[in-house]
Amino acid sequence: MARRRAKALPKGKDEDVRTVAMLATAGIMSLVVAISVILAPIPQVGPDEGNQAPDFVSEAYSGFGWSEYRLSDNYDWDWNGSSDSNWFLIQFIDTDCPYCWIEGEEMSQLHSQWGDKVNFVTIAAQLNIPNHDSNRDEVEAFRDKTSYFGCNSDRDDCIDRPGTPHDWPYIDDGTNSILESWGLSGTPFTAILEPDGTVAWNKNKHQGEGGDGEDLPEALQRLVGGQ
Amino acid sequence: MSSITPPLIAFIVGILASSYLLIKGKNSSGEEGTLGILNASMGFSAVGIMGSGWTWAIHNSMIMGSSSMCATEGLVQCGSVIGDPQWNNLFGIPWGLVGIVSFALIWFFVLSIRMDLHAKWTSGYVDLLFYVSLAGVPFVLWLVLVELTMVDGAPHICPYCTVIHIALIGMVACSYFLRQKRDTGMWS
């Protein structure tokens, strides 16, 4: 009796082609990455001096309601180191942070001295610690020095904040997303940016462990000068 | 600058050529049809990888100011999409880089299958290809929603992003038809 032979199914190759496929894929991916980096080098972004400051978009209060604010919209990208473009003073606060409460006076003084050459920007974060719950009403009151009980760890009326009312944008960072993008875990923090957004001075580098002790007024004098 | 640039034209030609190969492969029977769909898959994933690389380069140049690689004003532009720090990354990783890695993974599956249609693992790789491609669809929908409703001055259309989105949809179609060929015994 004749035996019927089953039709043989096509058989795969003896060698495993996946290694070759993986090498080819890695090669193509590397090539694309290399060409992209040649076309536009990866910028160094971060709060360290010499880096491009982390950009952000958020709502800002400038005394007449809240509106969208993007930090980089205010840069002078063509700044060559000698033009009269304004520098930036970035300050991170929490309206309930006692050190930020005290720093309010220093910021008022610095603004009266350098306000025509430096754009002041305050970012109001909300640290995740007890009695540090804030909201936009509190941020407005902190900036404007108007009556709102709840500033300084819920101990004071915001109208009593040291210093004068602050005449510059306050950015809402209630989610702490800007604070995190700057790699910060606490407030107050200040940084000075060149007109094109390059970080020129970082408080933690100078006043932290191993720093040279240079404070904010000294840094403004050294970098912006003219006072 | 004009919205239509040589790289954009090249990517669109790649999408059209891949679509043609897909239709031709779908309508062909046996191994010829399977290879046609796999060739289309390689085309879509190549456009995806290169397009993602291009958007990553635009992303990097926009961090340092305006870019000459894509228009920054008008309805069709990249400025408010790739240049917006709020939307131009996934957990801090630029979307372009996410795209390069994702399409490279897809490319690996396609190339492996293409190199050995009858290996033991081929059937499993066809499924993986389908699921990996399908996993990108929610991200595409989200990014289109961002472009049309959430970016500064919306609606805007980022042309390179759109090319990449179409490449991914093409990959979903390719992997779907590959599975269909396998399941209906039309693989070879």
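Look above for the structure.
Residues numbered from 1 in each chain as written. Chains lettered and ligands numbered in written order. Predicted model: local features only at pLDDT ≥ 70, side-chain atom pairs only at ≥ 80, totals over all residues. Heavy atoms only, no water.

Trainee: Which parts of the structure should I look at to understand helix H1 (residues 18-39) of chain A?
Mentor: Each turn of an α-helix holds 3.6 residues, which means side chains three or four residues apart point in the same direction. Given a rise of 1.5 Å per residue, 22 residues ought to cover 32 Å, and the 31 Å separating the end C-alpha atoms of H1(A) matches this to within 8%. Tucked inside the fold, the buried residues of H1(A) contact helix H2 (30-63) and helix H3 (95-115) of chain B. (Helix = DSSP H or I, 4+ residues; strand = E, 2+ residues; numbered from the N terminus. Expected span 1.5 Å × (residues − 1). Contact = heavy atoms within 4.5 Å.)

Trainee: I would appreciate a short explanation of the packing of H1(A) against H3(B) in the present structure.
Mentor: Angle between the axes and distance between the axes: these two values describe a pair of packed helices. It is the contact of H1(A) with H3(B), at a shortest axis distance of 9 Å, that shows an interaxial angle of 145 degrees. Crossing handedness for the pair H1(A) and H3(B): right-handed. Contacts between H1(A) and H3(B) pair A:Arg18, A:Val20, A:Ala21, A:Met22, A:Ala24, A:Thr25, A:Ile28, A:Met29, A:Val32 and A:Val33 from the former with B:Ile100, B:Val101, B:Ala104, B:Trp107, B:Phe108, B:Leu111, B:Ser112 and B:Met115 from the latter. When grouped by side-chain class, the residues that make up the contact of H1(A) with H3(B) number 15 nonpolar, 2 polar and 1 charged. (Axes fitted to C-alpha atoms, helices over the stretch in contact; angles between N-to-C directions. Left-handed = near helix turned anticlockwise from the far one by under 90°. Nonpolar A, V, L, I, M, F, W, Y, C, P; charged D, E, K, R; others polar.)

Trainee: Is there a simple way to explain a nonpolar patch on the surface in this structure?
Mentor: Residues and elements named next belong to chain B. On the surface, a cluster of nonpolar side chains totalling about 290 Å² of accessible area is made up of Leu 75, Val 144, Leu 148 and Ile 157. As for its placement among the helices and strands, Leu 75 is situated in the loop between H2 and strand E1 (89-90). Residue classification places Leu 75 among the partly exposed residues on the basis of a relative accessible area of 48%. (Patch = residues over 30% accessible without salt bridge, like charges linked within 9 Å, V, L, I, M, F, W, Y side chains within 5 Å. Areas by Shrake-Rupley, 256 points an atom, 1.4 Å probe, with all protein chains shown as cover. Salt bridge = Lys/Arg side-chain N within 4 Å of Asp/Glu carboxyl O. Buried < 20%, exposed > 50% of the residue type's maximum accessible area, 1.4 Å probe, protein only.)

Trainee: What should I look at first to understand the packing of aromatic side chains in this one?
Mentor: Describing an aromatic ring pair means giving the distance of the ring centres and the angle of the ring planes. Residue and element names in this part refer to chain A. This structure, assessed with the given rule, holds 21 aromatic pairs over all chains. Ring plane angle 55 degrees and centroid distance 6.0 Å describe the contact between Phe 92 and Phe 189, whose orientation is recorded as tilted. Of this pair, Phe 92 sits in strand E3 (residues 87-93) while Phe 189 sits in strand E8 (residues 189-193); the two residues are 97 residues apart in sequence, bridging distant segments of the chain. In terms of burial, Phe 92 and Phe 189 fall into one category: buried. (Phe/Tyr/Trp six-rings, centres within 6.5 Å; stacked < 30°, edge-to-face > 60°.)

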